[in-house]
Amino acid sequence: MAPVPSFPVKVGHIDDVQELRKARPTSIPERFVRDMAERPKLAATLVSACDIPIIDLSKLMKRDKDEHQSEVMQLKTACEEWGFFQVVNHGIDLSVLENIEKVAKDFFMLPLEEKQKYPMAPGTVQGYGQAFVFSENQKLDWCNMFALGVEPPCIRNLKLWPSKPADFRETLEFYSREIRKLCKNLLKYIAVSLGLKGDVFEEMFGVAVQAVRMNYYPPCSRPDLVLGLSPHSDGSALTVLQQVKDSSVGLQILKDNTWVPVQPIPNALVINIGDTIEVLTNGKYKSVEHRAVTHKDRDRLSIVTFYAPSYEIELGPMPELVDEKNPCRYRRYNHGEYSKHYVTNKLQGKRTLDFAKIESKTSA
């Protein structure tokens, strides 16, 4: 089963931001207004997005040794220095991407009463609503979410799978199968980039857990006051983000203490390293803090897949990546326990990873 909180959660009133935008286009309720330190700076002051690495999966898969090795080194650099990259020539047909975009958009454009048939219960992460809200005074994100557990079948809550659009389920299942293949491929080459056997992660993960979350960010009259999604790292092994065409640029990653906007390349997918890979690589490849910002005039829709080990698996740094120069930085733990810890805490940078960290011992 998917993790759920073991304590009662009171979240208070949460405005649906699409409805808020329709009824009061210039109104920003106090719960959405961020403290000064959290407010995003205008895009004009941010570093250019042009340096975010691009990985060509077709080159990784080529038999030409030189081309393959060159792309493996690019992947290694992307994982070590960025924790984020865009993958092109990923093998997923354009029609598959277009179909999931269409059903996601059609779902968010349904009347509110239809979407509310699939409510996200307080403290959980499946259904329609806002996830990661755990108190009545917590600041809210300018975002509507629709999230579902996909694989293995035991994590699905079928009551939350919508009957409209009519082809939603079929489209999501086909899309998820394609993304699953991509994740397995990428993890194989990430293992190779670490000098490990290509199948090490697949063997370790068991029946991998896969979930999808669709995020809709309506325009906001004061994008300087709100966040679309609070800063966080992902608890997954890999996260795959698809930004719907013609959306505003909203994803930002924290690079050298500066928020860098990610401008998606057409038909590329954005990949980021999750906390699980950080632990397994003993910090060699780190998960990266990221957030979403809003736009005054344009909306944004993203489709995000989280790929992680089975909840039954015990995880810790791989012995090959621990030595005198790189002592063990994380303890062993059950991945299901970490997942529960992750989804039952509000998004707050990389704080959830403290669950796994070994405190460094310093001499007096």
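Residues numbered from 1 in each chain as written. Predicted model: local features only at pLDDT ≥ 70, side-chain atom pairs only at ≥ 80, totals over all residues. Heavy atoms only, no water.

Colleague: Summarise the packing of helix H4 (residues 94-108) against helix H6 (residues 168-193); cite the residues concerned and give the values.
Modeller: Contact geometry of H4 with H6 gives a least axis separation of 9 Å together with a crossing angle of 140 degrees. The pairing of H4 with H6 is recorded here as oblique in orientation. Read as a crossing pair, H4 and H6 show a hand that is left-handed. Every residue of H6 that contacts H4 at Val96, Leu97, Asn99, Ile100 and Val103 is listed here: Phe168, Thr171, Leu172, Phe174, Tyr175 and Glu178. Here the residues of the contact of H4 with H6 are counted per class, giving eight nonpolar, two polar and one charged. (Axes fitted to C-alpha atoms, helices over the stretch in contact; angles between N-to-C directions. Helix = DSSP H or I, 4+ residues; strand = E, 2+ residues; numbered from the N terminus. Parallel < 35°, antiparallel > 145°, perpendicular 65-115°, else oblique. Left-handed = near helix turned anticlockwise from the far one by under 90°. Contact = heavy atoms within 4.5 Å. Nonpolar A, V, L, I, M, F, W, Y, C, P; charged D, E, K, R; others polar.)

Colleague: Explain the environment of Val103 to me, and be specific about the residues and the numbers.
Modeller: In this structure, Val103 sits in helix H4. What makes Val103 buried here is its relative accessible area of 2%. For the pair Val103 and Phe168, spaced 65 residues apart in sequence, the C-alpha separation works out to 5.7 Å. (Buried < 20%, exposed > 50% of the residue type's maximum accessible area, 1.4 Å probe, protein only.)

Colleague: Got a sec to walk through the nonpolar core? Specific residues and values, please.
Modeller: Core analysis: the largest hydrophobic core is formed by 82 residues, its most contacted members being Phe85, Phe146, Leu172, Ile190, Phe201, Met214 and Leu269. It is H6 that provides the largest number of residues to this core, a total of 11 residues. Filtering out sequence-adjacent residues up to four positions away, Phe85 remains in contact with Ile52, Pro53, Ile55, Leu75, Ala78, Cys79, Leu186, Leu269, Val270 and Ile271. Judged by nonpolar contacts, the second largest core, of 12 residues, contains Trp82, Val260, Val262 and Val304. (Core = buried A, V, L, I, M, F, W, Y, C linked by side-chain atoms within 4.5 Å.)

Colleague: Can you tell me about the side chain of His90, naming the residues and giving the values?
Modeller: Structurally, His90 is set in the loop between strand E2 (84-88) and H4. For His90, a relative accessible area of 9% puts it in the buried group. Polar contacts involving the side chain of His90 include one to the main-chain amide nitrogen of Ile92, which spans 3.1 Å. Beyond its immediate chain neighbours, meaning those up to four positions away, His90 contacts Leu57, Leu97, Leu182, Asn267, Ala268 and Leu269. (Polar contact = N/O pair within 3.5 Å; in protein donor to acceptor, adjacent residues only side chain to side chain.)

Colleague: Tell me what's going on with the state of the cysteines, and back it up with residues and numbers.
Modeller: In protein chemistry, a disulfide is the covalent bond that joins the sulfur atoms of two cysteines. Enumeration according to the criterion identifies zero disulfides in this entry. As a non-bridged cysteine, Cys143 has Cys220 as the owner of its nearest cysteine sulfur, 12 Å distant. On the basis of relative accessible area, Cys143 is assigned to the buried category, the value being 0%. Judged by relative accessible area, which is 0%, Cys220 ranks as buried. (Disulfide = S-S within 2.5 Å.)

Colleague: An account of empty space enclosed by the protein is requested, with residue identities and associated values reported.
Modeller: Tallying each qualifying case throughout the model produces three cavities of 30 Å³ or more. Volume-wise, the second largest cavity comes out at about 140 Å³. Lining the second largest cavity are 19 residues, with Leu229, Leu241, Leu251, His290 and Val304 positioned closest to its centre. Elements with a contribution of two residues or more to the lining of the second largest cavity: strand E5 (209-217), strand E6 (229-232), strand E7 (238-243), strand E10 (269-273), strand E11 (290-292) and strand E12 (300-308). (1 Å grid on protein atoms, 1.4 Å probe; cavity = no way out; pocket = protein on both sides within 12 Å on 5 of 7 lines; lining within 4 Å. Points joined across faces, edges and corners; volume = space filled by probe spheres on them.)

Colleague: Tell me about the pattern of salt bridges, and name the residues and values.
Modeller: Summed over the entire model, instances satisfying the criterion amount to 17 salt bridges. Asp141 is paired through a salt bridge with Arg34; the nearest N and O atoms lie 2.5 Å apart. Taken together, the positions of Asp141 in the loop between strand E3 (127-129) and strand E4 (144-151) and Arg34 in the loop between helix H1 (17-23) and strand E1 (54-56) put the pair 107 residues apart, joining distant regions of the chain. Accessibility expressed as a relative area gives 6% for Asp141, which makes it buried. (Salt bridge = Lys/Arg side-chain N within 4 Å of Asp/Glu carboxyl O.)

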